[in-house]
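Given next are the chains, with one letter for each unit.
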2 protein chains.
Amino acid sequence: MTTGEESASAAKADVEAPPSTESRGKAALGTAAVATKKRKLQMRGGWKRGLAVFDFILRLSAIAAALGAATAMGTSGETLPFFTQFFQFQATYNDLPTFTFFVVGNAIVSGYLVLSLPFSIVGIVRPTIVGARLLLLIFDTVMVALATASTASATAIVYLAHNGNSSANWIAICQQFNDFCQRISGAVVASSIAAFIFILLVIISAMILRKH
Amino acid sequence: MTTGEESASAAKADVEAPPSTESRGKAALGTAAVATKKRKLQMRGGWKRGLAVFDFILRLSAIAAALGAATAMGTSGETLPFFTQFFQFQATYNDLPTFTFFVVGNAIVSGYLVLSLPFSIVGIVRPTIVGARLLLLIFDTVMVALATASTASATAIVYLAHNGNSSANWIAICQQFNDFCQRISGAVVASSIAAFIFILLVIISAMILRKH
């Protein structure tokens with residue numbers, strides 16, 4: 001963050017360089033309208049930079065949420081303390097393909113978020129650059145879909161594990177595998193937080209992108 | 001579409017009105033640079049209008065897909081031709097809460113799309129208006145999440161209905177309810193098309209929003 005802030009202020013100084021302090025003073029004495037316009041532009045730049053910093057912080061939170069979700073699901077597994085001669089009762093996430101998709105999906109989301117951090121920093125340093133912001137928005141939108149898809153499919157299965165379904169004759173497995181079910185429920189909640197953050201990221205990018 | 005096109009051309013004429021043909025001719029004779037710039041601006045406006053028209057067409061396709069998905073799922077149901085003294089074998093979408101969510105989600109998506117059509121037309125008539133476009137982008141992003149969530153959760157259950165899961169002792173029900181399964185699979189495919197169109201809509205809105 002510190003280096004980002006430093007280069008941000010450096011860039012600001014760079015932008016302010018062309019009108020030197022002397023000429024700016026003259027302008028203030030001369031036409032007040034020009035100064036007001038300049039201040040307005042600076043304020044707008046500051047507002048966009050604030051949004052860009054918020055974008056960066058949200059990305060860090062989303063990394064935590066997505067990585068937490070993938071880890072919680074990936075390390076889930078429970079072996080019941082009793083077994084028969086032929087069968088040992090155990091549940092792991094890769095018994096169910098949906099949970100494997102969940103782990104892979106959240107891992108991809110985390111990886112993308114880490115790769116997107118440099119672009120987010122570019123957005124803080126130079127809030128006026130359009131290309132990087134548009135790129136972030138497009139990939140963020142795709143990631144909204146990926147994060148939501150992993151969350152929703154896992155939620156459907158977690159619901160089934162908790163409640164079962166009498167019509168389809170699917171039994172609830174959470175009575176037996178209680179710890180496993182708590183773990184996967186937590187993972188689903190973390191992943192839904194990541195999906196929600198992605199929606200916010202897209203909206204922030206759109207607000208930065210819009211023309212004045 | 002015809003009225004949209006008509007008012008679009010009317011608006012174009014309106015925009016072109018200020019420099020009369022005579023003065024434009026003078027400008028062309030005088031400074032070629034001004035004319036080139038004007039043409040460039042017009043081209044950019046036309047390019048944005050083209051994107052806006054594409055946005056409108058995509059919305060119409062998405063209405064068809066989402067409405068088709070909701071209808072296919074909502075009218076699904078199969079009663080097997082044999083029954084015991086106590087039990088009649090039948091499957092309907094509302095046996096599974098996930099499928100109810102799918103129908104409601106796709107109905108909301110269709111309703112939103114119909115309501116968004118006027119805003120899309122405003123975007124065709126005046127491609128430079130920022131507010132309507134930003135509003136569309138924000139709600140489209142939320143709808144990406146809703147459409148993807150309904151699709152993904154239903155897909156997880158459809159997969160389970162087809163394949164079952166031996167670890168959780170959930171049996172595949174598609175051997176018995178074949179027609180039902182084909183119907184819900186079709187609904188899921190239609191819904192995923194709608195979700196994909198929403199991603200395109202967000203990207204189009206972002207490209208229209210970006211400043212020059």
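Criteria and thresholds
Residues numbered from 1 in each chain as written. Chains lettered and ligands numbered in written order. Predicted model: local features only at pLDDT ≥ 70, side-chain atom pairs only at ≥ 80, totals over all residues. Heavy atoms only, no water. Helix = DSSP H or I, 4+ residues; strand = E, 2+ residues; numbered from the N terminus. Buried < 20%, exposed > 50% of the residue type's maximum accessible area, 1.4 Å probe, protein only. Contact = heavy atoms within 4.5 Å. Areas by Shrake-Rupley, 256 points an atom, 1.4 Å probe, with all protein chains shown as cover. Buried area = accessible area lost by both parts, 1.4 Å probe. Salt bridge = Lys/Arg side-chain N within 4 Å of Asp/Glu carboxyl O. Polar contact = N/O pair within 3.5 Å; in protein donor to acceptor, adjacent residues only side chain to side chain. Nonpolar A, V, L, I, M, F, W, Y, C, P; charged D, E, K, R; others polar. Least-squares fit on C-alpha atoms with pLDDT ≥ 70 in both. Expected span 1.5 Å × (residues − 1). Bend = angle between axes of the 7 residues up to and from the residue. Phe/Tyr/Trp six-rings, centres within 6.5 Å; stacked < 30°, edge-to-face > 60°. Disulfide = S-S within 2.5 Å. Axes fitted to C-alpha atoms, helices over the stretch in contact; angles between N-to-C directions. Parallel < 35°, antiparallel > 145°, perpendicular 65-115°, else oblique. Left-handed = near helix turned anticlockwise from the far one by under 90°. Core = buried A, V, L, I, M, F, W, Y, C linked by side-chain atoms within 4.5 Å. pLDDT = per-residue confidence, 0-100.

1. Some details on the overall build of chain A
Line of reasoning, step 1. Each helix and strand in chain A was counted, giving 6 helices and 2 strands.
Line of reasoning, step 2. Counting from the amino terminus, helix and strand elements in chain A follow one another as α-α-α-β-β-α-α-α.
Line of reasoning, step 3. Relative to its full complement of 212 residues, chain A shows a buried share of 46%.
Line of reasoning, step 4. Across chain A, every contact between residues at least 6 apart in sequence was considered, and the portion connecting residues at least 24 apart equals 78%.
Line of reasoning, step 5. When the accessible surface of chain A is split by element, carbon and sulfur atoms take 67% of a total near 10700 Å².

2. Side note on the interface of chain A and chain B
Line of reasoning, step 1. The interface of chain A with chain B comprises 41 residues on the first partner and 41 residues on the second.
Line of reasoning, step 2. Counting the surface lost from both chain A and chain B, the interface buries some 3500 Å², and carbon and sulfur atoms represent 78% of this.
Line of reasoning, step 3. Where chain A meets chain B, there are 0 salt bridges.
Line of reasoning, step 4. Put simply, chain A and chain B have 4 residue pairs in polar contact (both at pLDDT 80 or more) between them.
Line of reasoning, step 5. Of the residues forming the side of chain A that touches chain B, the biggest block, 17 residues, is contributed by helix α5 (residues 130-163) of chain A.
Line of reasoning, step 6. Classifying every residue of the side of chain A that touches chain B by side-chain character gives 28 nonpolar, 9 polar and 4 charged.

3. Some points on the relation of the copies chain A and chain B
Line of reasoning, step 1. With an RMSD of 0.0 Å, the fit of chain A onto chain B corresponds to turning through 180° and sliding 0.0 Å along the axis. The superposition of one copy onto the other is thereby described by a two-fold rotation axis.

4. Some thoughts on helix α4 (residues 97-125) of chain B
Line of reasoning, step 1. With 29 residues, α4 of chain B should reach 42 Å at 1.5 Å per residue; the first-to-last C-alpha distance of 43 Å fits that figure.
Line of reasoning, step 2. Along α4 of chain B, the sharpest kink reaches roughly 35°, centred on leucine 117 of chain B and followed within four residues by the proline proline 118 of chain B.

5. Observations regarding the packing of aromatic side chains
Line of reasoning, step 1. Counted under the stated rule, the structure contains 6 aromatic pairs over all chains.
Line of reasoning, step 2. Site record: aromatic cluster; members linked through ring pairs are Tyr112, Phe139 and Phe198 of chain A.

6. Digging into the state of the cysteines
Residues and elements named next belong to chain A.
Line of reasoning, step 1. On inspection of all chains with the given rule, the structure shows 2 disulfides over all chains.
Line of reasoning, step 2. Residue pairing for cysteine 174: its cysteine sulfur links by disulfide to cysteine 181, the two sulfurs lying 1.8 Å apart. Across the S-S bond of cysteine 174 and cysteine 181 the torsion is about -85°, and the bridge reads as left-handed. Assigned by exposure class, cysteine 174 and cysteine 181 land together as buried.

7. Quick look at the packing of α5 of chain A against helix α5 (residues 130-163) of chain B
Line of reasoning, step 1. One can describe the packing of α5 of chain A onto α5 of chain B by two numbers: an axis separation of 7 Å at closest approach and a directional angle of 40°. As judged from the angle between their axes, α5 of chain A and α5 of chain B are oblique. As for how α5 of chain A packs across α5 of chain B, the hand of that crossing is right-handed. Along its contact with α5 of chain A, which presents Thr141, Val144, Ala145, Thr148, Ala149, Ala152, Ser153, Ala156, Ile157 and Leu160 of chain A, the element α5 of chain B presents Thr141, Val144, Ala145, Thr148, Ala149, Ala152, Ser153, Ala156, Ile157 and Leu160 of chain B.

8. A word on the nonpolar core
Line of reasoning, step 1. Ranked by size, the top nonpolar core spans 70 residues in total, and within it Val109 and Phe198 of chain A together with Val109 and Phe198 of chain B carry the most contacts.
Line of reasoning, step 2. Counting residues per element, the ones that place at least two in this core are α3 (32-74), α4 (97-125), α5 and α6 (178-209) of chain A together with α3 (32-74), α4, α5 and α6 (178-209) of chain B.
Line of reasoning, step 3. Once residues lying within four places of it in the same chain are set aside, the contact partners of phenylalanine 198 of chain A are Val109, Tyr112, Leu113, Asp140, Met143, Val144 and Ala147 of chain A.
Line of reasoning, step 4. Ala91, Ile157 and Val158 of chain A together with Ala190 of chain B belong to the second largest nonpolar core, which has 53 residues in total.

9. Focus: the side chain of asparagine 165 of chain A
Line of reasoning, step 1. Mapped onto the elements of the fold, asparagine 165 of chain A is located in the loop between α5 and α6.
Line of reasoning, step 2. The exposure class assigned to asparagine 165 of chain A is buried, which follows from its relative accessible area of 6%.
Line of reasoning, step 3. A distance of 3.0 Å separates the side chain of asparagine 165 of chain A from the backbone oxygen of aspartate 95 of chain B, its partner in a polar contact.
Line of reasoning, step 4. Sequence-distant contacts of asparagine 165 of chain A, that is, excluding residues within four places in its chain, are made with Leu160 and Trp170 of chain A together with Asp95, Leu96 and Pro97 of chain B.

10. Section: the packing of α5 of chain A against α6 of chain B
Line of reasoning, step 1. Here α5 of chain A crosses α6 of chain B at 165°, and the two axes come no closer than 10 Å. As summarised for this structure, α5 of chain A and α6 of chain B are arranged roughly antiparallel, according to the angle between their axes. Here α5 of chain A runs over α6 of chain B; the crossing is right-handed. Mapping the contact onto sequence places Leu134, Leu137, Ile138, Thr141, Val142 and Ala145 of chain A in α5 of chain A and Ile199, Val202, Ile203, Ala206 and Met207 of chain B in α6 of chain B.

11. Here's the deal with the confidence of the model for chain A
Predicted coordinates in areas of low pLDDT are best not read in detail.
All names here are of chain A.
Line of reasoning, step 1. Here chain A averages 81 in pLDDT, while 75% of its residues score no lower than 70.
Line of reasoning, step 2. Across chain A, the element-wise mean pLDDT spans from 44 in helix α1 (residues 2-16) up to 93 in α4.
Line of reasoning, step 3. Across residues 1-21 the pLDDT falls below 50, and counting only partners more than four positions away or on other chains, this stretch makes 13 contacts in the model.
Line of reasoning, step 4. Among the prediction metrics, the complex's ipTM stands at 0.76, with pTM recorded as 0.77.

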